[in-house]
Amino acid sequence: VGGSGIVRGKLTWTTTADLDFHLTVPGCGHVAYYNTTVTFNGGAATARLDHDNLGGTIDVQPNLRVENIAVTGTPAVGNYAFYVHNYSAHGSGPTTATVRLTGDGGTTSRTYTPTLQTTGSVSPTYTVTRTATGATYSP
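Along each chain, numbering runs from 1 in the same order as the chain's sequence is written. Under the rules for a predicted model, residues below a pLDDT of 70 receive no local features and side-chain atom pairs below 80 are neither given nor counted, while totals for whole chains, interfaces and linings still include all residues. To get the side-chain values, take all heavy atoms of the structure and skip hydrogens and water.

Student: I tried to follow the packing of aromatic side chains on my own but got confused; where do I start?
Tutor: Both the distance between ring centres and the angle between the ring planes are used here to describe each pair of aromatic rings. Two rings from Phe, Tyr or Trp (for Trp, the six-membered ring) form a pair when their centres are within 6.5 Å of each other. A pair whose planes differ by under 30 degrees is stacked, one over 60 is edge-to-face, and the rest are tilted. Under the definition given, this model contains 5 aromatic pairs. Ring geometry for Tyr-112 against Tyr-126: centres 4.2 Å apart, planes inclined by 20°, an arrangement best described as stacked. Separated by 14 residues along the polypeptide, Tyr-112 in strand E10 (residues 110-112) and Tyr-126 in strand E12 (residues 126-131) bring together distant segments of the chain. Each of the two residues, Tyr-112 as well as Tyr-126, counts as buried. An aromatic cluster is present here, built from Tyr-33, Tyr-34 and Tyr-87 joined pairwise through their rings. Helix and strand assignments come from DSSP, with helices taken as H or I runs of at least 4 residues and strands as E runs of at least 2, each series counted from the N terminus. When accessible area is computed with a 1.4 Å probe and restricted to protein chains, residues below 20% of their type maximum are described as buried, those above 50% as exposed, and intermediate ones as partly exposed.

Structure (structure tokens):
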């Protein structure tokens, strides 16, 4: 899921829509196509988007588009809020995406499948809450 990291997210979809993966980290910072790296927790952690897939790049054959966000280092306890924005549908109509999250280095994970109807639509927020003993997910 989303490369190496303690908190990770992977967004996948199969249409030509330009979907964008977002993450808000505890305390400050927003990772997205316009701000691909955030350092936080006093410099002890970094959250990074691997690349901005505009919908025309097939990352995994035959037609899978992928964006990953990974938090490395020592992530702060708190809420890591992920969501998907349909930046441009490119005439593809509704796009069902898959969002897979882990908050504990891959020991547990959750998968969500939002459908983004049109350009400008936004998925629900999917939250990974890091605690001193692990991670919980909501919804």
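Student: Help me understand the pairing of strand E6 (residues 65-73) in this model?
Tutor: Every other side chain in a regular strand lies on the same face of the sheet, so the side chains alternate between the two faces. Extensive coverage of E6 is indicated by the burial of 7 of its 9 residues. Pairing between strand E1 (residues 7-13) and E6: 7 bridges, direction antiparallel. Within the sheet, the bridge partner assigned to Gly-9 lies in E6 and is Ile-69. Note that strand E5 (residues 45-49) and E6 share 5 bridges and pair antiparallel. Residue Ala-45 lies in a different strand from E6, and its bridge partner there is Gly-73. Any two strands between which DSSP finds at least two bridges are classified as paired.

Student: Would you explain the sheet that holds strand E3 (residues 30-31) in this entry?
Tutor: Hydrogen bonds between backbone atoms are what pair the strands of a sheet, whose relative direction is either parallel or antiparallel. With antiparallel pairing, 5 strands are arranged side by side in an open sheet as E3-E2-E7-E12-E13. Whereas interior strands pair on both sides, the edge strands pair on one side only; in this sheet they are E3 and strand E13 (134-138). Both strand E2 (residues 18-24) and strand E7 (residues 78-88) contribute to a ladder of 7 bridges, which runs antiparallel. Of the residues in E7, the one forming a bridge with His-22 is Tyr-83.

Student: Mind showing me how you'd approach the environment of Ser-88 here?
Tutor: Turning to its location among the elements, Ser-88 is positioned in strand E7. Measuring from C-alpha to C-alpha, the distance between Ser-88 and Gly-120 comes to 6.9 Å, with 32 residues separating the pair along the chain. Working rule for contacts: check all heavy atoms of both residues, and any pair within 4.5 Å makes them a contact. Beyond its immediate sequence surroundings of up to four residues, Ser-88 is in contact with Ala-17, Asp-18 and Thr-119.

Student: How do you make sense of the sheet that holds E6 when you look at a structure like this?
Tutor: Pairing is antiparallel in the open sheet, where 6 strands are placed in the order E4-E5-E6-E1-E9-E10. Two strands close off the open sheet at either side, each with one partner strand: strand E4 (37-40) and E10. Averaged over all neighbouring strand pairs, the angle between strand axes comes to 10°, with direction disregarded. Pairing analysis gives 4 bridges linking E4 to E5, with the strands arranged antiparallel. Counterpart to Phe-40 in the pairing with E5 is Ala-45. Fitted lines through C-alpha atoms serve as axes, helices being fitted only where they are in contact, and the angles separating the N-to-C directions of these axes extend from 0 to 180 degrees.

Student: I keep staring at the environment of Thr-129 and nothing clicks. Help me out?
Tutor: Looking at the element boundaries, Thr-129 is found in strand E12. A sequence separation of 100 residues divides Thr-129 from Gly-29, and the C-alpha atoms of the two residues are 16 Å apart. Those residues in contact with Thr-129 that lie beyond four places of it in its chain are Gly-78, Asn-79, Gly-134, Ala-135 and Thr-136.

Student: I would appreciate a short explanation of a nonpolar patch on the surface in the present structure.
Tutor: Patches draw on residues past 30% relative accessible area with no salt bridge. Two like charges within 9 Å are joined, as are two nonpolar side chains (Val, Leu, Ile, Met, Phe, Trp, Tyr) within 5 Å. What sets the accessible areas is the Shrake-Rupley method with a 1.4 Å probe; for residues, cover comes only from the shown protein chains. Definition used for salt bridges: Asp or Glu carboxyl oxygen within 4 Å of a side-chain nitrogen of Lys or Arg. A contiguous nonpolar patch, built from Tyr-33, Tyr-34 and Tyr-87 and spanning about 340 Å² of accessible area, is present on the exposed surface. Among the structural elements, Tyr-33 can be located in the loop between E3 and E4. Under the relative-accessibility criterion, Tyr-33 is labelled partly exposed at 33%.

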